[in-house]
Amino acid sequence: MKVFHFFPFQQLFAGVLTLLFLSGCNTIHANKNAILQIEQGQFKQAKQTIKQNYSPVGRDRLLHELELASILHLEREYLQSNQHLENAKSQIASFLYYQSV
């Protein structure tokens, strides 16, 4: 698997913040916690916050994958980040397929 550097740090961080704020009202408190943890460099805790508040199955699965991919990218864990992005891409593709049928 190739390692890609998709975005500069500032754009990625802005994307993470946007996703966190747009993810829904019921997890705003968790999102704020994850943002604060990321800002403080507490990536392990931020990943745990995301895992506790976004299910890897069901309606939150896309956000689960994108949030973890973003945090892993910030940690410079590019291979793991890319795997979560591939999972998200597959979910988007399957959603688009079902919408077009």
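Relevant structure appears above.
The rules behind each value
- Residues numbered from 1 in each chain as written.
- Predicted model: local features only at pLDDT ≥ 70, side-chain atom pairs only at ≥ 80, totals over all residues.
- Heavy atoms only, no water.
- Helix = DSSP H or I, 4+ residues; strand = E, 2+ residues; numbered from the N terminus.
- Buried < 20%, exposed > 50% of the residue type's maximum accessible area, 1.4 Å probe, protein only.
- Contact = heavy atoms within 4.5 Å.
- Areas by Shrake-Rupley, 256 points an atom, 1.4 Å probe, with all protein chains shown as cover.
- Axes fitted to C-alpha atoms, helices over the stretch in contact; angles between N-to-C directions.
- Parallel < 35°, antiparallel > 145°, perpendicular 65-115°, else oblique.
- Nonpolar A, V, L, I, M, F, W, Y, C, P; charged D, E, K, R; others polar.
- Salt bridge = Lys/Arg side-chain N within 4 Å of Asp/Glu carboxyl O.
- Core = buried A, V, L, I, M, F, W, Y, C linked by side-chain atoms within 4.5 Å.
- Arc of directions from axis to C-beta.

1. Some words on the overall build of the protein
Part 1 of the reasoning: Within the protein, the regular secondary structure consists of five helices and zero strands.
Part 2 of the reasoning: Helices and strands in the protein line up, N terminus first, as α-α-α-α-α.
Part 3 of the reasoning: Of all 101 residues assigned to the protein, the portion counted as buried reaches 37%.
Part 4 of the reasoning: Of all intrachain contacts in the protein linking residues separated by at least 6 positions in sequence, the fraction that spans at least 24 positions is 53%.
Part 5 of the reasoning: When the accessible area of the protein is evaluated, it comes to approximately 6,700 Å², of which 58% is carbon and sulfur surface.

2. Comments concerning the packing of helix α3 (residues 43-53) against helix α4 (residues 61-74)
Part 1 of the reasoning: At a closest axis distance of 10 Å, the pairing of α3 and α4 adopts a crossing angle of 175°. Classified by the angle their axes make, α3 and α4 are roughly antiparallel. Only His 64, Glu 67, Leu 68, Ile 71, Leu 72 and Leu 74 of α4 make contact with α3, whose side of the interface consists of Phe 43, Ala 46, Lys 47, Ile 50 and Lys 51.
Part 2 of the reasoning: For the contact of α3 with α4, a count of residues per class yields seven nonpolar, one polar and three charged.

3. Quick notes on the pattern of salt bridges
Part 1 of the reasoning: Going through the model one piece at a time under the given rule, you end up with two salt bridges.
Part 2 of the reasoning: As a salt-bridge pair, Glu 75 and Lys 47 come within 3.0 Å of each other at their nearest N and O atoms. Highlighted residues: Glu 75 in the loop between α4 and α5 (78-100) and Lys 47 in helix α3, separated in sequence by 28 residues.
Part 3 of the reasoning: For Lys 47, a relative accessible area of 19% corresponds to the buried category.
Part 4 of the reasoning: As a salt-bridge pair, Arg 59 and Asp 60 come within 3.8 Å of each other at their nearest N and O atoms.
Part 5 of the reasoning: By relative accessible area, Arg 59 is classed as exposed at 70%.

4. A look at the nonpolar core
Part 1 of the reasoning: Core analysis: the biggest nonpolar cluster contains 10 residues, these being Ala 34, Ile 38, Phe 43, Ala 46, Ile 50, Tyr 54, Leu 63, Leu 68, Ile 71 and Leu 74.
Part 2 of the reasoning: Elements with a contribution of two residues or more to this core: α2 (28-39), α3 and α4.
Part 3 of the reasoning: Here the element with the most residues in this core is α4; it accounts for four residues.

5. With respect to unusual backbone geometry
Part 1 of the reasoning: Not every positive phi belongs to a glycine, and Arg 76 is a case in point at roughly 65°.
Part 2 of the reasoning: Inspection of the secondary structure puts Arg 76 in the loop between α4 and α5.
Part 3 of the reasoning: On the basis of relative accessible area, Arg 76 is assigned to the exposed category, the value being 62%.

6. Re α3
Residue pairs three or four apart in sequence face the same way in an α-helix, which turns once every 3.6 residues.
Part 1 of the reasoning: Inspection of α3 places Phe 43, Ala 46, Lys 47, Thr 49 and Ile 50 among the buried residues, and these make up the whole buried set. Around the axis of α3, the buried residues are gathered within 160° of arc, so they sit on the same side. Residues Lys 44 and Gln 52 are exposed on α3 and point more than 90 degrees away from its buried face.

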